[in-house]
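# Fold and contact review
The primary structure of each chain is shown beneath.
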Amino acid sequence: MVADLHLHTFFSDGTYSPEELAGHGHRIGLSALALTDHDTVDGCSRAEAACRALGIEFIPGTELTAEHRNREVHVLGYWLDPESPALLSRLAGFQAVRENRIRDMVHRLNERGIALKADDVFRIANCKSPGRPHVARALVEGGFCSDYDKAFERFLKKGRPGWVPKARMDIPTTVGLIHAAGGVAVLAHPGLYHDDTLIPEIAEAGLDGLECWHSRHHGTEPVHYERLAAELGLVATGGSDCHGMSKGEPLIGRIQLPYAQVEALKARRPAGRSASAS
Ligand code: AMP
Ligand code: FE
Ligand code: FE
Ligand code: ZN
């Protein structure tokens, strides 16, 4: 039995519908999957229904943007209550910031002579969590760039003309928000931060798990992070970070997390919460 605990749909910057995602999970033979769209849980009810129909265990989740020592890090929350008013109001705040950020990015690009329109980005995004991938797609569609990766390389990466930082919570606030909504908190893709000294510091805020297996962890990285997770008392988790077809090929199932890790993570759920979302 295997799981994939890091997946996106078109409710944020993925391309699949929740139903398509569940269908791919079924085809690959996943026993469980988690939806972790950026700053939203809106896709969870559809994904839950689609997974239930296919006999897949569904784990509601989200991927939040946090910062530690001025570095952007991503924190995954699992089994949060998708109807928690406190969670939903925080997410609405992040979504508003994302919308303003798109306008800022477009403005900056306009100043560089790129005649992109914010409305074109919002039309392509068609969701409450617009982000750089949608700007990249709009740049390609508008003929300003030949492909998606070049759009990031030329315009959207940190330090490039269209780059605008995102709102970032500190780690204790992020982990606290996830726990208060009944969830468990996992540090996403630690290999992408290129500084392992961040990890024990972040773990101190009450982190539950570390995403050891990820599509962009290579060579000895998974084993290295598995060891670090054990040292820090964190559950070793994993997920593909599939964004659908937005990056050429679907990554779903590339990471096949043993189901025992899902159970270990489940055991970290805050006590006294109802198990309604499980
Ligand atoms: P945002 O949340 O708006 O800052 O966008 C971050 C998302 O952009 C990530 O979740 C990835 O899906 C995508 N992304 C970030 N960096 C790159 C890159 N260099 N090339 C392609 N996609 C990227
Ligand atoms: Fe993304
Ligand atoms: Fe991420
Ligand atoms: Zn992700």
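Scroll up to find the structure this text is about.
Description of the structure in this document. Since the structure is predicted, the reported quantities are computational estimates derived from the model, not experimental observations.

## Focus on the coordination of the iron ion (ligand 2)
- Donor atoms from the polypeptide that bind the iron ion (ligand 2) are Asp13 (OD), His38 (NE2) and His243 (NE2), placed at 2.1 to 2.2 Å.
- Each donor residue of the iron ion (ligand 2) belongs to the same chain, and together they define the spacing D-x24-H-x204-H.

## Description of the coordination of the zinc ion (ligand 4)
- The zinc ion (ligand 4) binds to the protein through His6 (NE2), His8 (NE2), Glu63 (OE) and Asp241 (OD), with metal-donor distances spanning 2.1 to 2.3 Å.
- Each of the 4 donor atoms bound to the zinc ion (ligand 4) contributes to angles spanning 77 to 167 degrees, and the resulting shape is irregular.
- Mapping the donors of the zinc ion (ligand 4) onto the primary sequence gives the spacing H-x1-H-x54-E-x177-D.
- The metal-metal distance between the zinc ion (ligand 4) and the iron ion (ligand 2) is 4.4 Å. Within this pair, whereas His8 is found in the loop between strand E1 (2-4) and helix H1 (18-28), its partner Glu63 is found in strand E3 (residues 57-68), the two being separated by 55 residues in sequence.
- Glu63 sits in the buried class, given a relative accessible area of 1%.

## Some details on the site of ligand 1
- Around ligand 1, the surrounding shell holds 13 residues, and the nearest of these are His38, Arg101, Arg132, Lys166 and His243.
- Separating an oxygen atom of ligand 1 from a side-chain N or O atom of Asp13 is a distance of 3.3 Å.
- Separating an oxygen atom of ligand 1 from a side-chain N or O atom of His243 is a distance of 3.0 Å.
- Relative to its unbound accessible area of 500 Å², ligand 1 is 81% covered by the protein chains.
- With 3 residues, the top contributor of residues to the shell around ligand 1 is helix H6 (residues 148-156).

The rules we used
- Residues numbered from 1 in each chain as written.
- Chains lettered and ligands numbered in written order.
- Predicted model: local features only at pLDDT ≥ 70, side-chain atom pairs only at ≥ 80, totals over all residues.
- Heavy atoms only, no water.
- Donors = N, O, S within 2.8 Å, 3.2 Å for Na, K, Ca; no water.
- Tetrahedral: all angles 85-135°; square planar, octahedral: opposite > 155°, others 65-115°.
- Helix = DSSP H or I, 4+ residues; strand = E, 2+ residues; numbered from the N terminus.
- Buried < 20%, exposed > 50% of the residue type's maximum accessible area, 1.4 Å probe, protein only.
- Near = heavy atom within 4 Å.
- Polar contact = N/O pair within 3.5 Å; in protein donor to acceptor, adjacent residues only side chain to side chain.
- Areas by Shrake-Rupley, 256 points an atom, 1.4 Å probe, with all protein chains shown as cover.

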